[in-house]
Amino acid sequence: MPGKYLIRNATAVTVDGKLGTIPNCDILIEDGIIAAVGPSLSVQGDATVIDGTDSIVSPGFVDTHRHTWQTQLRTVTTDYVLSDYALNIRTIYGSCYTPHDAYMGNLCGALESIDNGITYLVDHSHIMNSPEHADAAIKGLRDSKIRAVFCYGLYDNPSWEGSAIDESFNAKDSDWRLADAKRVREAQFPSNKPTDLVRFGFAPTEMELTTFDRTVHEIEYGRSLEAAVITGHVGIGKYDIGQHLVQKLEGKKLLGSDLLLSHCASLQDSELRAVRNSGVSLSSTPDTELQMGMGHPIAFKACQHGCIASIGIDITSNNPADMFQQMRLLLQAQRHKENEAHVGPLPSVAQKCYQVLRMATMGGAEAVGLKNVIGSITPGKRADLLITRCDSTRLTPVHDPVGALVLYANASDIDTVFIDGEVVKNKGVLTGSDWPAVRSDLRDSARAIMERAARAPRAELQQRAERIVKGNQLDPGVIQTKV
Ligand SMILES: [Zn+2]
């Protein structure tokens, strides 16, 4: 339960524009809130004191694009391009998940996140093989104690003999997910307030692969459910098929601050202006974008256009839920790009460490509509923060705490994680789970998924997968149903 904690004598990298970085700083946490920040705080009553000497306190990381269910598929996609991903993940493995698998994927994906200092995640959950999958995925997030938005995905994993898909739902109504999303919103998220730990969001069918009318309907439907975030994949580099969705949505006056668009590397300048003017947010996922031909991450360019830019992990079938890794990759890839574009050597570094740290924290909070709730060490905000110990061989000594977080630290340096004022990682160990027991269940779940996947009719599924990446639309039966 949230209590009263006093972190003494830390270096606070607040990512608060006014407070900046404060040496020898105390942070008081009370009733889930950052109550005070400053040197030598005097505190009334009992508080659990944590010595912050030789430590950095920073805001928890905000991951704005994750398909959390894929935890069991760790390392499967590491040599994939996007077409491999479309076949194997979106037509085979996704069809092999039972509700229990969805639960384990979300629980363990969230636990991994907490271990790595990610205190908030956008779960773009396109594993809705049945209503039970939705309930299980939500329970996985809740049981981990992470802060998150569960974005109900309308994507339809294909059914094939030996898969885990129960065809009876589609047989009754191919649009059953729309009604089920409403059920979930009402039953599981009755308030959906900004301070609720897990909120309801919405993830339409692949927006560039379905008809525009359908996309419009689905966005309006998500808004009718008052989804906290509506998210989708847009403008995917070499896979962009020229839909110009942002332009079309602008024409219909449908852009808004609830929209969070992932990838977006191929957005034109006019579209970035529309994104900025309407308060739409963007999420870059450096590992998958750079690997899979999805274009150079848009994040820095988006910032230059005044847009809200943030960072996502995307898939742990490809890379760990490690924001340090994504910050580093994003920053150095951008520095390389700008070095290459300049005639002769640059006189000073193109982008600074602080900019990418801000994207991974405050930028993420802005992207999900929580800029007044999380994202910085600011009195009055919810206490989602990390204590990173600078005791390792890699972090002794530290002259620049921001550079230390962006280019040196890793999860093993994170001693303590607070979410909503509760200690969820303490002295380097997760507090909320019996990890060896959970790990054993996760391995069993992964094994069963692999066994089902081995039975997939790959040649038949290949055609459908090609339609996903070439944009020839998904199954007509799914697309053309009345909405
Ligand atoms: Zn994605």
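Residues numbered from 1 in each chain as written. Predicted model: local features only at pLDDT ≥ 70, side-chain atom pairs only at ≥ 80, totals over all residues. Heavy atoms only, no water.

With an unreviewed UniProt entry as reference, the protein chain is termed Amidohydrolase-related domain-containing protein, source organism Knufia fluminis.

1. Points about the packing of helix 5 (residues 176-188) against helix 6 (residues 212-224)
Contact geometry of helix 5 with helix 6 gives a least axis separation of 12 Å together with a crossing angle of 15 degrees. By the angle class used here, helix 5 and helix 6 are roughly parallel. In terms of crossing hand, the pair formed by helix 5 and helix 6 is right-handed. Between helix 5 and helix 6, the residues in contact are L178, A179 and K182 and R214, H217 and Y221, respectively. Its residues placed into classes, the contact of helix 5 with helix 6 shows 3 nonpolar, 1 polar and 2 charged. (Axes fitted to C-alpha atoms, helices over the stretch in contact; angles between N-to-C directions. Helix = DSSP H or I, 4+ residues; strand = E, 2+ residues; numbered from the N terminus. Parallel < 35°, antiparallel > 145°, perpendicular 65-115°, else oblique. Left-handed = near helix turned anticlockwise from the far one by under 90°. Contact = heavy atoms within 4.5 Å. Nonpolar A, V, L, I, M, F, W, Y, C, P; charged D, E, K, R; others polar.)

2. Things to note about the coordination of the zinc ion
On the protein side, the zinc ion has H65 (NE2), H67 (NE2) and H233 (NE2) as donor atoms, found 2.0 to 2.2 Å from it. As a motif over one chain, the donors of the zinc ion read H-x1-H-x165-H. Of this pair, H65 sits in strand 6 (residues 61-66) while H233 sits in strand 10 (residues 230-234); the two residues are 168 residues apart in sequence, bridging distant segments of the chain. (Donors = N, O, S within 2.8 Å, 3.2 Å for Na, K, Ca; no water.)

3. Section: the nonpolar core
Counting residues in hydrophobic clusters, the biggest one holds 115 residues, and the most contacted among them are F150, Y152, F202 and M327. A total of 8 residues in this core trace back to one element, the largest contributor, which is helix 2 (residues 99-115). When residues of this core are assigned to domains, at least three map to each of domain 1 (4-59 + 378-430) and domain 2 (61-367). Look past the residues within four positions of F202 in its chain and what remains in contact with it is C151, Y152, L154, L178, A181, E218, Y221, G222, A227, V229, I230 and T231. Within the second largest apolar cluster, 18 residues are counted, among which are A10, I22, L385 and F418. (Core = buried A, V, L, I, M, F, W, Y, C linked by side-chain atoms within 4.5 Å. Buried < 20%, exposed > 50% of the residue type's maximum accessible area, 1.4 Å probe, protein only. Domains from an automatic or database assignment.)

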